[in-house]
Amino acid sequence: MLSGERKEGGSPRFGKLHLPVGLWINSPRKQLAKLGRRWPSAASVKSSSSDTGSRSSEPLPPPPPHVELRRVGAVKAAGGASGSRAKRISQLFRGSGTGTTGSGGAGGPGTPGGAQRWASEKKLPELAAGVAPEPPLATRATAPPGVLKIFGAGLASGANYKSVLATARSTARELVAEALERYGLAGSPGGGPGESSCVDAFALCDALGRPAAAGVGSGEWRAEHLRVLGDSERPLLVQELWRARPGWARRFELRGREEARRLEQEAFGAVDSEGTGAPSWRPQKNRSRAASGGAALASPGPGTGSGDPAGSGGKERSENLSLRRSVSELSLQGRRRRQQERRQQALSMAPGAADAQIGPADPGDFDQLTQCLIQAPSNRPYFLLLQGYQDAQDFVVYVMTREQHVFGRGGNSSGRGGSPAPYVDTFLNAPDILPRHCTVRAGPEHPAMVRPSRGAPVTHNGCLLLREAELHPGDLLGLGEHFLFMYKDPRTGGSGPARPPWLPARPGATPPGPGWAFSCRLCGRGLQERGEALAAYLDGREPVLRFRPREEEALLGEIVRAAAAGAGDLPPLGPATLLALCVQHSARELELGHLPRLLGRLARLIKEAVWEKIKEIGDRQPENHPEGVPEVPLTPEAVSVELRPLMLWMANTTELLSFVQEKVLEMEKEADQEDPQLCNDLELCDEAMALLDEVIMCTFQQSVYYLTKTLYSTLPALLDSNPFTAGAELPGPGAELGAMPPGLRPTLGVFQAALELTSQCELHPDLVSQTFGYLFFFSNASLLNSLMERGEGQGRPFYQWSRAVQIRTNLDLVLDWLQGAGLGDIATEFFRKLSMAVNLLCVPRTSLLKASWSSLRTDHPTLTPAQLHHLLSHYQLGPGRGPPAAWDPPPAEREAVDTGDIFESFSSHPPLILPLGSSRLRLTGPVTDDALHRELRRLRRLLWDLEQQELPANYRHGPPVATSP
């Protein structure tokens, strides 16, 4: 029984094979605690604390372990940490024109010891009780009041925020007054003119930014957008209807009105200068009015409530409109001015600009003109459209925004069970564009790579593209029958080829195929130049073999038949080299699905050729001979002749399998992973490689079978022959085969024939080692079993010191000779058990009688208890003397002695490990071997003849002959 497995360096796609001797196995290889938002109510918060949660869209910190519930009237008693904290923050604003004289406890400024509550706390009962709802906002007005955080970063450095109660009808002006009161800058909302002027000096700003890592309220706030709320806008509705995008947070800030307008203008001006327009969160004019309650203000009714500012509805509406005009026009004036400047610059570049009159003419002319003035990117690759399908929809420049760029038609689904459509970067609306048509990879390393999808018509510099290819700046890429692009990469710094690669080829360029030179009418060559180019290819030494798919079967069959027949004087690995050239041509220049079919056809042809050769050897060396006809043993010379074809196929198939595995792995990496046919192609490749595996293992089995069959008749001489013949001297290490004792020459002759055969066939070194490992395993088991059988004989005593010395000498001579042949390490490993048994018999009798069972077991560990007991029990101590009691095994090992087998099993042979690393075939550089070059020329001319036979008789040409220089 032989088994095979791959080395660790091979592909993980291949596992183990267990193959009985003489049988084929067709076994194809196959690969095949979420944080929730809690909105606090008015009864569940401490109104005097600045840590109160809000209903804003900012991420909320985890809820505190304990929330204290208080009555509204009990706030006076909270003059501890909460009151002191408000006092410390309020001290920042003392003497700033607020008219306050002091602060203390939890009360407001100017009140002693916290005897007075904040105005927002006074309003809590009436806000909670609810008011008459407004008709447009009936459902929202009945909701309980919310808590808003108003940050005071614009007031003083280090100020945090204050919490105020607000309803859906609370206006920005009201909340500013309440916040100023909380910060100690104003009196009660019902104060006099001083309070009104203080409220007019500040504005409530809607700020968008990215919160710090530790959450809102801690760390550093990074505000990126700012908008000043109008006095009549309703902040609670603003934050409810306009949610911040993921990763952003909103908060309301209290700033000076002039400072807020300045920051707003600077923010909008910076965005416009970048050419990206206004921020996406900034409301439009009509949308702002509806979202913040402007529509309800246009026709005030009874539901206005006490929170609405004094004045009629018309006056309030006019104030709102004037505010919005001031906000929007400030940002539009600069934009219009910049658009006018760009328009003048664009018109100055147009033909007849000197006579053109720049005026308020059709604004569409400016848009069309700016679209025509396209400046290519300077840091990204892009494609320049040379020909499109719909001029009104096609763009001129297509920029690569990712390292991998996909062209395709796109669509709602891929058509396979409603599955999602594949990702596409550039959509091309043409009838012959596939959903995923072509992929371009342009990373930081040059050059870029272009790969067509299966069945997608793609051309590269005018040639049909079937496999992945390099894409250089200036190359032409055609998609379908309509689109034509030129690839550009400004990152190369103009290092592309000076001559466009799509221009006609220069004279002397290598043609891609035999018939191309006479069939091409676009290369600009004359008939004589094309003939010379074809002759250079047919007779050249370049390792290239081009063929069309229709000629593939005839070409592969010719290579395999020539290798099986042994025609010519090809080098040992010549057939594998020629077949690898076919695989390489298919992988580089033919369609994606061609390589799996070629591998399957190639593997079947090799398997059939090997099977025919095995049957021929079996017919000449039958297992059962006729009665009365003695069996003639195989000689080393005869077995070498018989096994040479099998050994050649084993060597060639091993190298070819390594090369095929590399190409399949490349195909798997380069192929589009979304290709539905990719799995089917890989399955076909795995089946083909499984057939090549079987060929290697079958040839290995047959080789070691006939070699061991030859050894079987020569090995007994190592036990019977006497190396100490009269007048003979023992040869030293490295002696020739003729100097060895006559009894050892047949066995060593088989080893020498096997060594020469593996060397002539250039078998892989790993397979050479495993072949001799199996031969040495068989020799060791066969000799040890014969030694055990001799001890039970009733004839001449065999287990005695004199006979053991002869066996030890023969074995040492064999090991010395193998050491000189470079096989000493393998032989020492596999002959270890036989050497241990012979060493036991070589121990002098007096020393052996003094030894005990335990010491003998320690000195001879490779022998089993049954084998050791057998040797000791049959050892010849003299007439009438039996083995001593010290040799008896202990009771613990008695069962192993009685039931153990004394013979070695031939089924415990080492496994066959296929050496599938890097292939030893060299397909680069000129062909230096003359015999291989002659065979390559013959195959090229054969392909030329097959191509000419398809033409009419008056169009055929003989192989051209290159003229001498």
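See the structure above.
In this report, we go over the structure that sits alongside the text.

Quick notes on the overall build of the protein chain
Argument step 1. Broken down by element type, the protein chain carries 30 helices and 19 strands.
Argument step 2. Considering the protein chain as a whole, with its 965 residues, one finds that 46% of them fall into the buried category.
Argument step 3. About 48100 Å² of surface is accessible on the protein chain, with carbon and sulfur atoms providing 53% of the total.

Examining helix 25 (residues 832-841)
Argument step 1. The element helix 25 is extensively covered by neighbouring structure, given that eight of its 10 residues are classed as buried.
Argument step 2. Within helix 25, the full set of buried residues consists of Lys 833, Leu 834, Ser 835, Met 836, Ala 837, Val 838, Leu 840 and Leu 841.
Argument step 3. Elements that come into contact with the buried residues of helix 25 comprise helix 22 (765-791), helix 23 (801-820), helix 26 (845-850), helix 27 (853-859) and helix 28 (865-873).

Quick notes on the sheet that holds strand 11 (residues 426-427)
Argument step 1. With mixed pairing, five strands are arranged side by side in an open sheet as 11-10-12-13-16. Here the strands that pair on one side only, and so sit at the sheet edges, are strand 11 and strand 16 (469-471).
Argument step 2. Inspection of the sheet shows strand 12 (residues 438-441) paired to strand 13 (residues 448-452) by four bridges, in the antiparallel sense. Residue pairing for strand 13: Thr 439 is matched across the bridge by Arg 451.

Examining the packing of aromatic side chains
Argument step 1. Summed over all chains, the structure comprises 15 aromatic pairs.
Argument step 2. Judged by centre distance (6.0 Å) and plane angle (50 degrees), the ring pair of Tyr 774 and Phe 777 falls under tilted. One end of the pair, Tyr 774, and the other, Phe 777, are both in helix 22, three residues apart, so they sit about a helical turn from each other. Of the two residues, Tyr 774 and Phe 777, both sit in the buried class.
Argument step 3. An aromatic cluster is present here, built from Phe 383, Phe 395, Tyr 398, Phe 407, Phe 483, Phe 485 and Tyr 487 joined pairwise through their rings.
Argument step 4. A cation over a ring is seen here: Arg 251 above Phe 151, with NZ or CZ 4.1 Å from the ring centre.
Argument step 5. Of note, Arg 940 hangs over the ring of Tyr 537, and the distance from its end group to the ring centre comes to 4.9 Å.

Remarks on the sheet that holds strand 7 (residues 249-256)
Picture the strands of a sheet paired through backbone hydrogen bonds; they go either parallel or antiparallel.
Argument step 1. A sheet is described by the order of its strands in space; here five strands give the open sequence 4-3-7-5-6, paired in mixed fashion. At either end of the open sheet lies a strand with only one pairing partner, and these are strand 4 (161-166) and strand 6 (222-228). Ignoring strand direction, the axes of neighbouring strands in this sheet form an average angle of 40 degrees.
Argument step 2. Bridge count for strand 5 (residues 202-210) against strand 6 is six bridges, and the pairing is antiparallel. Opposite Cys 205, over in strand 6, you have Val 228 as the bridge partner.
Argument step 3. Packing against the sheet, helix 5 (residues 172-182) makes contact with strand 3 (146-151), strand 4, strand 5 and strand 7, and its axis sits at approximately 135 degrees to strand 4.

Considerations on helix 5
Argument step 1. Within helix 5, nine of the 11 residues are buried, leaving the element largely enclosed by the surrounding structure.
Argument step 2. Phi turns positive one or two residues past the end of helix 5, at Gly 184, with a value near 80 degrees.

A closer look at the environment of Asn 839
Argument step 1. With respect to the helices and strands, the residue Asn 839 is situated in helix 25.
Argument step 2. On the accessibility criterion, Asn 839 (33% relative accessible area) is partly exposed.
Argument step 3. It is 7.4 Å that separates the C-alpha atoms of Asn 839 and Arg 808, two residues lying 31 residues apart in sequence.
Argument step 4. In contact with Asn 839, other than residues within four places in its own chain, are Arg 808 and His 860.

Let's talk about unusual backbone geometry
Argument step 1. Backbone torsion omega between His 446 and Pro 447 reads 0 degrees, so that peptide bond is classified as cis.
Argument step 2. Tracing the chain through its elements places Pro 447 in the loop between strand 12 and strand 13.
Argument step 3. The phi dihedral of Asn 461 is positive, around 55 degrees, even though this residue is not glycine.
Argument step 4. Relative to the assigned elements, Asn 461 resides in the loop between strand 14 (458-460) and strand 15 (463-464).
Argument step 5. You can call Asn 461 buried: its relative accessible area is 18%.

A closer look at the pairing of strand 8 (residues 382-387)
Argument step 1. When strand 8 meets strand 9 (residues 397-399), the two strands line up antiparallel, connected through three bridges. In the strand pairing of strand 9, Tyr 382 is matched with Val 399.
Argument step 2. Of the pairings in the sheet, the one linking strand 8 to strand 18 (residues 483-488) comprises five bridges and is antiparallel in character. Note that in strand 18 the partner of Leu 385 across the bridge is Phe 485.

Definitions and cut-offs
Residues numbered from 1 in each chain as written. Predicted model: local features only at pLDDT ≥ 70, side-chain atom pairs only at ≥ 80, totals over all residues. Heavy atoms only, no water. Helix = DSSP H or I, 4+ residues; strand = E, 2+ residues; numbered from the N terminus. Buried < 20%, exposed > 50% of the residue type's maximum accessible area, 1.4 Å probe, protein only. Areas by Shrake-Rupley, 256 points an atom, 1.4 Å probe, with all protein chains shown as cover. Contact = heavy atoms within 4.5 Å. Pairing = 2+ DSSP bridges. Phe/Tyr/Trp six-rings, centres within 6.5 Å; stacked < 30°, edge-to-face > 60°. Lys NZ or Arg CZ within 6 Å of the ring centre and 35° of its normal. Axes fitted to C-alpha atoms, helices over the stretch in contact; angles between N-to-C directions.

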